[in-house]
Amino acid sequence: MTRQTKTPRKAKAIRVGVIGVGRGQSFAAGATELVGMKLVALCDTWEERLKQAGKQYGVATYTDYDKFLEHDMDAVVLANYFHEHAPFAMKALAAGKHVISETSANATLAEGVALCRAVEKTGKIYMFAENYPYTKFHLEMRRLYRTGEIGRVTYAEGEYNHPMSSADRLAISPGRNHWRNWIPSTYYCTHGLAPLMYITDCRPVSVNALSIACPEVDATTARVADPGSVILCRMDNGAVFRIFGLLLPGHSNWTRIHGTTGAMEIVRGPGYFGTGQVRVWHDHWDCPAGTATDRQYVPDWPEHADLANRAGHGGGDFWTNFEFANAIRTGNPPYLDVYRGVAMSSVGILAWKSALENGAPFAVPDFRKENERRKFENDHWSPFPAHAGLAPHQPPPSIRGLVQPPAKALARARALWKRQGYQGE
């Protein structure tokens, strides 16, 4: 990846607008002169919180996305709902804005095709805002992998399992049809997959998946989807990547890579990123001269440690803004470009197709190639209620079918949502 490591002090700031004042406030706070950005506008339909955020940052606010896009700015940050990113991204690209989009890039395969075409047509920078590749652990593992010390990757594991209390899950998913209540267990795969792709530079070519239906986990919530899954990705170099998550008991945020001459991992432990160490080990016959067969150490940032240490998601929230600004200034697409973003997001979709067929394999198209993606330009298959009627048959969000939350759990959810000010169903 080509990187301009320092922002030119005299360069004109990139004017940025953010849609979404929940998760989007992390981007808003990071859009500063330190990364060559200036926040100029915010957009959300939640007027009360929008006004608060607008006053906090001293910027224009909009509840209408089309009006927001008319604001004088260079780039748009999409931190809206999970299943809405592609349509909003394409509107922004058509309006002449660069785009950085939270995960996922696309909620259907057809959206993925259309998004790739939109980026190609407009020539604007698009970045997939997956922040987990940019933790200090994954940056160090990428550096180490590129030295060749562990050889070519043969097998890797990425885990992002993030359980929450039922009250916390209800609080962030107000409404029966909120996307968090319907998201299939495979769809949020990019936190596990993106670091592995970033470290090894491999691309997925096929997937198999099994979903884990555990009704007890969601017995007191409004969720109708399964809480966990395991995805196996065959990569373009022949390696197999295993991806595990999502909400099963037992927090796990972990990465391991086996190569032809060694292995490395984040050392497991009780913290958010285990013990905070990277482990590298070799069999004695494959150990490079002068290198310990097994070593563990705390990695450091390659640069900008002071800024990264203050950012969320293990420093990743700083680096996504930094890399986006760098791509706009240089004109070079970021590593997490539209093709990798759509490929990773489509792994989740295709994995859900696999899970509903008890692990059947599904090929992942190369979204760089028009002849491959053309086959999926009309594939609107999606389990989200907002997409009802787009495809002939809408899949369920659980391998158990279209289930209903327990009546007691739903009554509890509605009471909590009402206290939060939510007025819908």
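Cut-offs applied
Residues numbered from 1 in each chain as written. Predicted model: local features only at pLDDT ≥ 70, side-chain atom pairs only at ≥ 80, totals over all residues. Heavy atoms only, no water. Salt bridge = Lys/Arg side-chain N within 4 Å of Asp/Glu carboxyl O. Helix = DSSP H or I, 4+ residues; strand = E, 2+ residues; numbered from the N terminus. Buried < 20%, exposed > 50% of the residue type's maximum accessible area, 1.4 Å probe, protein only. Pairing = 2+ DSSP bridges. Contact = heavy atoms within 4.5 Å. Axes fitted to C-alpha atoms, helices over the stretch in contact; angles between N-to-C directions. Parallel < 35°, antiparallel > 145°, perpendicular 65-115°, else oblique. Left-handed = near helix turned anticlockwise from the far one by under 90°. Disulfide = S-S within 2.5 Å. Expected span 1.5 Å × (residues − 1).

Caption draft 1: Structural context of the pattern of salt bridges. With the rule as written, the count across this model stands at 26 salt bridges. Ionic pairing is found between Arg 279 and Glu 265, a salt bridge with its closest N-O pair at 3.6 Å. Taken together, the residues span a long stretch of sequence, with Arg 279 in strand β13 (residues 278-281) and Glu 265 in strand β12 (residues 263-266) at a distance of 14 residues. Considered together, Arg 279 and Glu 265 belong to a single accessibility category, that of buried residues. Here the salt bridges do not stand alone but share partners, grouping Arg 117, Glu 120, Glu 370, Arg 373, Arg 374 and Glu 377 into one network.

Caption draft 2: Focus on the sheet that holds strand β9 (residues 228-235). Spatially, β14-β13-β12-β11-β7-β10-β9-β8-β15 is the arrangement adopted by the 9 strands of the open sheet, whose pairing is mixed. Of all strands in the sheet, those with a lone pairing partner are β14 (294-297) and β15 (362-363), marking the two edges. As defined by bridge partners, strand β8 (residues 204-212) adjoins β9 across 8 bridges and the pair is classed as antiparallel. In the strand pairing of β9, Val 207 is matched with Cys 233. Along the sheet, helix α6 (residues 136-147) makes contact with β7 (153-161), β11 (252-259), β12, β13 and β14, crossing β12 at roughly 170°. Set on the sheet, helix α9 (residues 190-200) makes contact with β7, β8, β9, β10 (240-246), β11 and β12; between it and β7 the angle comes to about 145°.

Caption draft 3: Region of interest: the packing of helix α4 (residues 85-94) against helix α5 (residues 109-122). Across the interface, α4 lies against α5 with an axial gap of 10 Å and an inter-helix angle of 15°. In terms of axis orientation, α4 runs roughly parallel to α5. When the axes of α4 and α5 are compared, the crossing they make is left-handed. Residues Ala 86, Pro 87, Ala 89, Met 90, Leu 93 and Ala 94 of α4 touch α5, and the partners they reach there are Glu 111, Ala 114, Leu 115, Ala 118, Val 119 and Thr 122.

Caption draft 4: The state of the cysteines, seen in detail. By the definition in use, this model includes 0 disulfides. There is no disulfide at Cys 233, and the cysteine sulfur nearest it, in Cys 189, is 7.0 Å away. Given the relative accessible area of 1%, Cys 233 is considered buried.

Caption draft 5: Region of interest: the environment of Val 21. Among the structural elements, Val 21 can be located in the loop between β1 (14-19) and α1 (24-30). Taking the C-alpha atoms as reference points, Val 21 and Val 99, 78 residues apart in sequence, are found 17 Å from one another. Leave out the neighbours within four places in its chain, and Val 21 touches Leu 42, Asp 44, Arg 49, Leu 50 and Ala 53.

Caption draft 6: Molecular detail of α6. When the terminal C-alpha atoms of α6 are compared, their 17 Å separation across 12 residues agrees well with the 16 Å that a helix rising 1.5 Å per residue should span. Taking burial as the measure, the 12 residues of α6 include 9 buried ones, the bulk of the element. Within α6 the residues assigned to the buried category are Lys 136, Phe 137, His 138, Leu 139, Glu 140, Met 141, Arg 142, Leu 144 and Tyr 145. Looking at the residues trailing α6, positive phi occurs at Gly 148, about 90°.

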